[in-house]
Amino acid sequence: MFNKKLLGTILAAAVILPAHVYAAEKKNDEDSIFLDNVTVTARKAEESPKDVPFSLSVIDGSEITNRGIKNFEDMLKQTTGVETSTYGGVNTRIVRMRGVGSLQQVSPDDTSVIINIDGVPNNAGTATLSTMDIERVEVLKGPQGTLMGRNSQSGAINIISKKPTKEFEGYIRGEYGEDDTFFTEGAVSGPLTDKLSARLAARYSGYDNQIHYYGTNKPVSEPEDMAVRGTLLWKPSSKTDVTLIAGYEEVNNRPEFRVMMPYDDKQEVDIPEDASDADKDTNRYSLEINHRFAKAVFTSITGYTDVESNEKQFLYDGILFRKLRGVTGDGSRTVVNQSTAFTQEFRLSSKPKDKIFWVTGFSYYYMDRDLINKDAWSTFQPTYTFNAEMDVNFKTRSQGVFGEMTYPVTEKLKLTGGLRYTWEKKEYDADWAANPSNPNPVRTASDKGEIDDDYMTGRAALSYELTKTVNIYGVYARGHKTAGFNEWATGFITGTREDRYYDETEVDSYELGFKYESADRRFGLNGSVFYNDNKDDHVLVYNYTINASDVENFDTESKGIELEGYAKLGRFLINAGLGYTDTEIKSVPASSTSGAEEGNKVPDTPEWNGTLSVSYFHELPSFLGMKEPVFFSKVTDRYVGSRAGDPADNFEFESYHKLDARIGIMNGGFELYAWGDNLLDERYDLFGWYYGVSAVDGDQVVIGMPSKGRTLGIGAAYYF
């Protein structure tokens, strides 16, 4: 057993720097460290982050590793202005930025932040869960429809994996901690021939769920994730390179659970053992071709993604329904999602360091998805809409042409303009057949629909080099999200179809900001103020008394301030971010059943959020056979302020701090360390839903999912 108080105190007191980052850095003198120059592709061509005329956060892969970030959600939650929530299942993630985006997800296609994995667009449901072998992550804030296209209403995220190297290298890392938490990851990279190199990365991890079966100490699930990715890089000439990536990801035993608030010291659900389960398999392929002409770079990116998930859901948690109704019941269903997506983009762009930055191109996207409801039954509510066999097919086709240019009006003043025109078509086809146990007089029903949309998005910006180290900018951007279909629409069964559609959404975004980086790169600070006017964003309203959902559209606005910076003070490296966001629901449909009122806050958007990460290293004298030992430590604190739980302001999420740390010794390429996750043992909310008023005692009933508590462990890594 771990001595929690002793190890927790040591970890919380430690101040740190990742050892292998220290080893890779260029040491200028005894007291200073310098990081390599960073190049980003936020506008689909290489440039310096300082030259990008909008807010951009770059998270280096080494920083992800050394903060102990293992998954997509934790990575985004440590980025100022980004909001993400998950219901705990395999397809239930929502990502928003600066208070803009779907309040609850209407369908996997209803996403306001596009996630590009090695240049291939994904929604939050199909994006990778892991942060395996990542070179960097770019978080682009504000509408990105000009270059990123569909589903980038509030921002975009570029995930760039590490590429094969000309020299042989690799690493292996392993960790073990409380609650059977384990993590293993490794990669190997090097040349196969003088023109062909390869990289192979793999990860396997798992833990015991913090939720237990009622009256027992048995976890309701033991999630295990596995991922593998292979990359080939072929350079037939100095002007051409071809990158082929094939990846597979497997997520097992991750069912969605709902725990009644407030959470006790022991979080439980009262369902039969093994009554819920969820698995997801993802195959991902991409081919990127780059050729450098004399005055331009040509790029082709082809992507294909195949995803299948199976979720077995037990419908009636005894703890919840004894509180909500005074009685409980039996019922289950299995939900299957099968989807394939194909993308193709061709573009031409300026060469790095050209005086005029420009990019133009054409993109195509096609998605085909089946949503299947099967093996359903309910003794408690036999007329339950989903006590049936249901098969729904969704198809989406989208193509767009785009271009953006930054032109130097003078030596210091630059003008940026960009436009994109998009054509989009969505189709929907549903078949429903009541189960024999369902007494509904309607035995079968079907529905279909089609949406055609074409729209213009764009961006205009001015930037000015105030000094050699400071740029200031102003930007206006228009974002758009196409109308779509509510994937669980059931109105057609009773002869109505009002719940089929959600309307298109538009946002007008305004931002003023500055970017500073000292000449010696010891200090950097970026700041911005923003305002977003959002029309007809989406909220899924669920009425549990009649087991039906409806889609409503609210006008909202958000405004705020963000600061992000770093400082290198001798052996200390400090990264920090602070954000303030003020949101408001501006209009509510007259027919709304949500209970929302004008003036309410946008749910799950904290007014204040911030991150502070402090690193430290120090060389030690030789001991225990180690010739050049280095002490390293790192502490990261994430703060999320209180925020509204739902549009009607029925409940509130409390603020929290999440404090993580690691401390260890490095010698050459070897690391040995102890780590602590959530050292303050806070049980913060991952999501929450309002279920109404209890028929038993009149109390409000709210369910959610608590985070894991404090977890301590040890780890080791070797880099070669």
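Structure: see above.
A. Quick look at the overall build of the chain. What the chain contains, in helices and strands, is six helices and 40 strands. On C-alpha atoms alone, the chain measures out to a radius of gyration of 26 Å, which is about the 27 Å that the 2.2 N^0.38 rule sets for 720 residues. For the chain, the spread of C-alpha atoms along the three principal axes comes to 80 × 60 × 50 Å. Across the 720 residues that make up the chain, the buried fraction comes to 57%.

B. Summary view of a negative patch on the surface. A cluster of like negative charges, contributed by Asp179, Asp180, Glu222 and Glu224, occupies part of the molecular surface. Here Asp180 shows up in the loop between strand E10 (169-177) and strand E11 (181-191).

C. Molecular detail of the sheet that holds strand E16 (residues 259-260). The antiparallel open sheet is built from three strands, whose spatial order is E16-E39-E38. Of all the strands in the sheet, just E16 and strand E38 (685-693) have a single pairing partner and so form its edges.

D. Structural context of unusual backbone geometry. Cis geometry is adopted by the peptide bond preceding Pro262, which originates at Met261 and carries an omega value of -5°. Mapped onto the fold, Pro262 is located in the loop between E16 and strand E17 (268-269). Positive phi outside glycine occurs at Asp180, with the angle close to 55°. Asp180 gets classed as partly exposed once you look at its relative accessible area, which sits at 40%. Although it is not a glycine, Arg521 sits at a positive phi angle of roughly 60°. Residue classification places Arg521 among the buried positions, given a relative accessible area of 16%.

E. Geometry of the sheet that holds strand E8 (residues 134-141). The strand order E3-E8-E9-E6-E7 describes an open sheet built from five strands, whose pairing is mixed. What marks the edges here is a single partner per strand, and that holds for strand E3 (56-60) and strand E7 (120-122). Shown here is a sheet whose adjacent strand axes are inclined to one another by a mean of 20°, direction ignored. With three bridges joining them, strand E6 (residues 113-117) and E7 adopt antiparallel strand pairing. Each residue of the ladder has a partner; that of Asn116, found in E7, is Pro121.

F. Spatial organisation of the side chain of Asn532. Examined against the element boundaries, Asn532 turns out to sit in strand E29 (residues 523-543). Side chain to side chain, Asn532 and Ser509 meet in a polar contact 2.8 Å long. Leave out the neighbours within four places in its chain, and Asn532 touches Arg98, Val100, Val507, Asp508, Ser509, Thr556, Glu557 and Ser558.

G. Here's a closer look at the pattern of salt bridges. Under the criterion given, the structure shown has 51 salt bridges. The partner of Lys601 in a salt bridge is Glu607, and the shortest N-O contact between them spans 3.7 Å. Residue Lys601 is classed as partly exposed on the basis of its relative accessible area, which comes to 34%. When its relative accessible area of 32% is taken as the criterion, Glu607 is described as partly exposed. Three or more residues are tied together by salt bridges with common partners; here these are Arg98, Lys141, Glu511, Glu562 and Glu564.

H. Here's a closer look at the environment of Gly206. As for its placement among the helices and strands, Gly206 is situated in strand E12 (residues 196-206). On the basis of relative accessible area, Gly206 is assigned to the buried category, the value being 5%. Sequence separation of Gly206 and Asp225 is 19 residues, and the distance between their C-alpha atoms is 6.2 Å. Apart from residues no more than four positions distant in its own chain, Gly206 is found in contact with Asp180, Thr181, Phe182, Pro223 and Glu224.

I. Fine view of the pairing of E8. Buried residues dominate E8, accounting for seven of its eight residues. Judged from the five bridges that link them, E3 and E8 form a sheet pairing that is antiparallel. What sits directly across from Leu56, in E8, is Leu140. For E8 and strand E9 (residues 155-161), the ladder comprises seven bridges, and the chain directions are antiparallel. Looking across to E9, one finds that Leu140 is bridged to Ala156.

J. Structural detail: the environment of Asp391. Structurally, the position occupied by Asp391 is in strand E22 (residues 388-408). A relative accessible area of 34% places Asp391 in the partly exposed class. Distance in space between the C-alpha atoms of Asp391 and Ile372 is 4.5 Å, their sequence separation being 19 residues. Those residues in contact with Asp391 that lie beyond four places of it in its chain are Asp370, Leu371, Ile372, Asp429, Ala430 and Asp431.

K. Geometry of the side chain of Ser205. Along the chain, Ser205 falls in strand E12. Given the relative accessible area of 13%, Ser205 is considered buried. Excluding its chain neighbours within four sequence positions, the residues that come into contact with Ser205 are Phe182, Phe183, Pro223, Glu224 and Asp225.

L. Summary view of the pairing of strand E32 (residues 608-619). Both strand E31 (residues 572-587) and E32 contribute to a ladder of nine bridges, which runs antiparallel. Looking across to E32, one finds that Phe572 is bridged to Tyr616. Sheet analysis places E32 next to strand E33 (residues 629-640), joined by 11 bridges and oriented antiparallel. Counterpart to Phe617 in the pairing with E33 is Phe632.

M. Up close: the packing of aromatic side chains. Tallying each qualifying case throughout the model produces 24 aromatic pairs. With 5.8 Å between their ring centres and 80° between their planes, Phe687 and Trp689 make a pair best called edge-to-face. A relative accessible area of 3% means that Phe687 is categorised as buried. Among the aromatic side chains, those forming a connected cluster through ring pairs are Phe394, Tyr428, Phe485 and Tyr501. Lying across the ring of Tyr214, Arg322 places its NZ or CZ 5.7 Å from the centre. Its guanidinium or amino end placed over the ring of Phe386, Arg333 lies 4.6 Å from that ring's centre, counting from NZ or CZ.

Reading guide: rules and limits
Residues numbered from 1 in each chain as written. Predicted model: local features only at pLDDT ≥ 70, side-chain atom pairs only at ≥ 80, totals over all residues. Heavy atoms only, no water. Helix = DSSP H or I, 4+ residues; strand = E, 2+ residues; numbered from the N terminus. Rg over C-alpha atoms; globule rule 2.2 N^0.38 Å. Buried < 20%, exposed > 50% of the residue type's maximum accessible area, 1.4 Å probe, protein only. Patch = residues over 30% accessible without salt bridge, like charges linked within 9 Å, V, L, I, M, F, W, Y side chains within 5 Å. Areas by Shrake-Rupley, 256 points an atom, 1.4 Å probe, with all protein chains shown as cover. Salt bridge = Lys/Arg side-chain N within 4 Å of Asp/Glu carboxyl O. Lys, Arg positive; Asp, Glu negative; His and termini not counted. Charge placed at Lys NZ, Arg CZ, Asp CG, Glu CD. Pairing = 2+ DSSP bridges. Axes fitted to C-alpha atoms, helices over the stretch in contact; angles between N-to-C directions. Polar contact = N/O pair within 3.5 Å; in protein donor to acceptor, adjacent residues only side chain to side chain. Contact = heavy atoms within 4.5 Å. Phe/Tyr/Trp six-rings, centres within 6.5 Å; stacked < 30°, edge-to-face > 60°. Lys NZ or Arg CZ within 6 Å of the ring centre and 35° of its normal.

It is worth stressing that arrangement in space is one thing and function is another; only the former is reported here.
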